[in-house]
Number of protein chains: 2
Amino acid sequence: MLLIDIDRASTVPAYQQIVDQVVRLVEDGALAAGDRLPATRALAEPLGVHRSTVIRAYAELWALGYLESRPGSYSTVRQRARPPATRAPEGGTPAPQPLIDWERAATSASRRAHADIRDQERTRIAPAGVIDLARLAADSRLAPQDEIRSCLRSALARQGAEILDYGDARGCLALREAISRRMRAHGVSVSPDEVLVTNGAQQGIDLVLRLLARAGDAVAVESPTYSMALGLFRLHGAALREIPMRADGMDLDRLERSLARGRPAFVYTVPNFHNPTGVTTGQSHRERLLALCERRRVPIVEDGFEEEMKYFGRVVLPIKSMDEGQLVIYCGTFSKVLFAGARIGWVAAARECVERLAALRRYAEIAPSTILQAALHDFCERGYYDRHVSRMHRIFRRRMQVALRALRRHVDPAWAEWQEPGGGYLIWLRLKPPRR
Amino acid sequence: MLLIDIDRASTVPAYQQIVDQVVRLVEDGALAAGDRLPATRALAEPLGVHRSTVIRAYAELWALGYLESRPGSYSTVRQRARPPATRAPEGGTPAPQPLIDWERAATSASRRAHADIRDQERTRIAPAGVIDLARLAADSRLAPQDEIRSCLRSALARQGAEILDYGDARGCLALREAISRRMRAHGVSVSPDEVLVTNGAQQGIDLVLRLLARAGDAVAVESPTYSMALGLFRLHGAALREIPMRADGMDLDRLERSLARGRPAFVYTVPNFHNPTGVTTGQSHRERLLALCERRRVPIVEDGFEEEMKYFGRVVLPIKSMDEGQLVIYCGTFSKVLFAGARIGWVAAARECVERLAALRRYAEIAPSTILQAALHDFCERGYYDRHVSRMHRIFRRRMQVALRALRRHVDPAWAEWQEPGGGYLIWLRLKPPRR
């Protein structure tokens, strides 16, 4: 006979009272593994509850692992084989042997990615007081914090609940419109349907790889090029065709010969303030690159990560501005001018291409976060973005002049050479071999 | 002789004045393609500027595509072959033929992903006044808007500039600590180093696939299962081993035989409120599933997308709570309880596994957005999250009771059958074939 009571005055449902009492009996040892519980009907009667209440209690006890058999038949008390892992946070019993060797379980591409990142992090710890000249990120002290705060507030206040829901996988329409206007200022005519909002330019490149490159497919890249893009190509198993950089950009004779040997999935290029060399290509270089790819029908991935940062002289328009055949996939970002933590960039490409990239993004992460997009849209609409870009130009023009002056003053030209960039954040020093 | 003047009173630099005037001369037709410009020395003298000023002007004109040769030698005026694409937004000249067939250029996996998403979207347009019962998302009208607004504000105010910078690729430490505490409430003991913040649970699954599954590798899944996970497995080229769902969860006899035939990259399971069947597995099912995978050393990906939403009866702890061999990769999310647009989830797994996932995330998108993480951390710390979960339980318990009552009242059991779920948002109706 089980010692179970139902308290009819309690707000706890009757079935839950049965569950709680059986659990207590098991844990106190009054019921041992193998003990048989009464049939549901036999328990319901003395307790004065409907049989379905006991069935529900037994089902719950079964789910919790206290009963052996399935509800309906005779139920016996079960030994819970597994207590929750009681690993103490510090000290205590030694942790048991892990069963998976994650290094061996990882694919070879992801193993390599991990090793690369680990090496980068190891070499990137600058001692206090040392300026890390290898790191490329917007100076977050310059971020327009007050304006961002105000835009976040107004976006939440104005749009209310709908911006808390899943957004469009392509990004909020309003922000895509603002980006489309922004692109027009750079001579690029794209409609909001030809824009996909991404988590920074990096995600744009990742999605393009997923769309166009099977493992083993060739991708033509400048050599040297942006290390995180290079790592991403390798992660996707791309066969890299490295086209050397010259003082005026990628060596187009070499590219032409390479394209003649076979079509790569795409050509990846950074025409402005190339990372790491700082080279900005001229109009005629861009025309020829486009013409070469048009002839072979090879997509161009144009990484415009610092499009806005031309603060010396006049702007050379993006390759995308001349892209009548719609083969250029332009990747832009707000992170490098505004602030890194926003992680909002975009892809501008043919609608057919953007639709497919959006489908892949749906699978990769459903949709981008909506609040930041709404705030960034406000930020553009209120003119804060234009004002911020002008401010960044003033500041970085000065900083760049100071850095170049210091180089001229302190670095012996017999030891190193460099090009003066037209903007951006990069100066590429090439150390010369010592002369005998 | 060029008609160029330098206005010494102007704030425009001398080199820029030269550039502007040459551009005007070319665009007015005064200088034609092929015309030779004076040598830099020959122009510098009459203008009274240093030769380096003219060199800089010519370099700029070359970059802009107005000059043919490289700076230094004789420069001739160049025909700009490509005006910016002047595609009018509406009407105007017809768009030229696109050069890339994006459907053909796409990999077969991404083609299929696009077709799937398109089909889903086509069937998902509910007429006004119709409730879309196929869609699974938190009701955004229930989102705690005021609290979220206040947390965003305080996060920005308190942390200032540093949260605008790139964050840790694993996610902010403070939020990982909060998640680690949250997991402990579910019987899972993980340190912040064993947590990776992701863009929703979906990105967690995507990263796990990148880490563990080469194209063609087997993945064991429940059948049926969550459609977006299924699509993601296909996108990665996984060979699916479909293990049928029964009323108590995945058929473990079938899984055992399948594991004996060969190790899959991992087993994917949704033990709570399984999508789409609504089944929650019991303690003994979880123990046996874990034991099977331990014996074969196969990782388990446990999708706990609605862990918090057990509002009937007591909670069955996650498989991860018993995971002494550290082979369970747990994917959680805030989107389903809090609000969908936040897109913040996490992975809890062995540190060795999390480190590798973080390296992959670095390549995929550098780092997650920091502001939302900081706000969400505040939201947890202030107790808003616990309060919100209780409120959601009250509301959805009531809603589920109403829905189940309506089913019992209006749906003939000869036509359809269903199981009453222990929580979550899902009821799975199985239509019966008509009897003759």
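Refer to the preceding data block for the structure.
One numbering rule holds for all chains: residues counted from 1, following each sequence as written. To label them, take the chains in the order written and letter them from A, then take the ligands in the order written and number them from 1. The predicted nature of this model means local features are confined to residues of pLDDT at least 70 and side-chain atom pairs, given and counted, to a pLDDT of 80 or more, with totals for whole chains, interfaces and linings taken over all residues. Based on all heavy atoms of the structure, the side-chain values leave hydrogens and waters out of the count.

**Observations concerning the overall build of chain A**
And then number 1: Helix and strand labels come from DSSP, where a helix needs a run of H or I of at least four residues and a strand needs a run of E of at least two; each type is numbered from the N terminus. If you tally the helices and strands in chain A, you get 14 helices and 10 strands.
And then number 2: Since a compact globule built from 436 residues should have a radius of gyration of about 22 Å, the 31 Å found for chain A marks it as more spread out than a globular shape.
And then number 3: In terms of its C-alpha atoms, chain A occupies a principal-axis envelope of roughly 95 × 55 × 50 Å.
And then number 4: Under the scheme applied here, a residue whose accessible area is under 20% of the maximum for its type counts as buried, over 50% as exposed, and between as partly exposed, the area being computed with a 1.4 Å probe on protein chains only. Considering chain A as a whole, with its 436 residues, one finds that 58% of them fall into the buried category.
And then number 5: Note on contacts: a residue pair qualifies if any of its non-hydrogen atoms lie within 4.5 Å across the two residues. In chain A, the proportion of contacts linking residues at least 24 apart, taken out of those at least 6 apart, comes to 67%. In this description the radius of gyration comes from C-alpha coordinates, and the expected globular size is given by 2.2 Å times residues to the power 0.38.

**Points about the pattern of salt bridges**
Residues and elements named next belong to chain A.
And then number 1: Any carboxyl oxygen of Asp or Glu that lies within 4 Å of a side-chain nitrogen of Lys or Arg is treated as forming a salt bridge with it. A full pass over the atoms with the stated rule returns 50 salt bridges over all chains.
And then number 2: Close ionic contact of Arg-170 with Asp-168 constitutes a salt bridge, the shortest N to O distance being 3.2 Å.
And then number 3: We classify Arg-170 as partly exposed; its relative accessible area is 23%.
And then number 4: Notably, a salt bridge pairs Glu-417 with Arg-430, separated by 3.9 Å at the nearest N-O pair. In this pair, Glu-417 sits in strand β9 (residues 416-417) while Arg-430 sits in strand β10 (residues 430-431), placing the two residues 13 residues apart along the sequence.
And then number 5: A single network of salt bridges, built from pairs that share partners, joins Asp-168, Arg-170, Arg-176, Asp-193 and Arg-351.

**So, the side chain of A:Arg356**
And then number 1: Along the chain, the position of A:Arg356 falls in helix α12 (residues 351-365).
And then number 2: Given a relative accessible area of 4%, A:Arg356 falls into the buried group.
And then number 3: Those residues in contact with A:Arg356, other than ones at most four positions away along the chain, are A:Leu211, B:Trp102, B:Glu103 and B:His114.

**Topic: the environment of A:Arg111**
Residue and element names in this part refer to chain A.
And then number 1: You can see Arg-111 is positioned in helix α5 (residues 108-122).
And then number 2: Measuring from C-alpha to C-alpha, the distance between Arg-111 and Ile-55 comes to 51 Å, with 56 residues separating the pair along the chain.
And then number 3: The residues touching Arg-111, leaving out its near neighbours within four places in the chain, are Glu-103, Arg-104 and Ala-106.

**As for the pairing of strand β2 (residues 218-223) of chain B**
Residue and element names in this part refer to chain B.
And then number 1: The buried count for β2 comes to five of six residues, which makes it a mostly enclosed element.
And then number 2: Should DSSP find at least two bridges between two strands, the strands are regarded as paired. One ladder, built from six bridges, connects β2 with strand β3 (residues 239-246); its direction is parallel. Among the inter-strand pairings, Val-221 is bridged to a residue of β3, identified as Glu-242.
And then number 3: For the handedness criterion, the strands are oriented away from the viewer, and a crossover whose path from the first strand over the helix to the second runs clockwise is classed as right-handed. Between β2 and its parallel partner β3, the chain crosses via helix α9 (residues 227-235), and the hand of that crossover is right-handed.

**Digging into the sheet that holds strand β8 (residues 345-348) of chain B**
Residues and elements named next belong to chain B.
And then number 1: Judged by pairing direction, the sheet is mixed, and its eight strands sit side by side in the order β1-β8-β7-β6-β5-β2-β3-β4 without closing on themselves. Each of the sheet's edge strands pairs with one partner strand only, and the pair in question is β1 (195-198) and β4 (249-250).
And then number 2: Note: β1 against β8, four bridges, orientation antiparallel. Residue pairing across strands places Leu-196 opposite Val-347, the latter belonging to β8.
And then number 3: Of the strands in this sheet, β4, β5 (267-269), β6 (300-303) and β7 (328-333) touch helix α11 (residues 283-296), which is tilted by about 150° from β6. Axis lines are fitted to C-alpha atoms, over the contacting stretch for helices. Their N-to-C directions set the angle, which ranges from 0 to 180 degrees.

**Some points on the packing of helix α7 (residues 173-185) of chain B against helix α13 (residues 370-381) of chain B**
Residues and elements named next belong to chain B.
And then number 1: It is the contact of α7 with α13, at a shortest axis distance of 9 Å, that shows an interaxial angle of 40°. Here α7 lies oblique to α13, going by the angle between them. Judged by the twist between their axes, the crossing of α7 over α13 is left-handed. Contacts from Ala-174, Leu-175, Ala-178 and Arg-181 in α7 reach Gln-373, Leu-376, His-377, Cys-380 and Glu-381 in α13.
And then number 2: Residues are sorted three ways: Asp, Glu, Lys and Arg are charged, Ala, Val, Leu, Ile, Met, Phe, Trp, Tyr, Cys and Pro are nonpolar, and all the rest, Gly among them, are polar. Grouping the amino acids of the contact of α7 with α13 by side-chain chemistry returns five nonpolar, two polar and two charged. Here the angle decides the label: under 35 degrees means roughly parallel, over 145 means roughly antiparallel, 65 to 115 means roughly perpendicular, and every other value means oblique. Less than a right angle of anticlockwise turn of the near helix away from the far helix marks a crossing as left-handed, whereas a clockwise turn marks it as right-handed.

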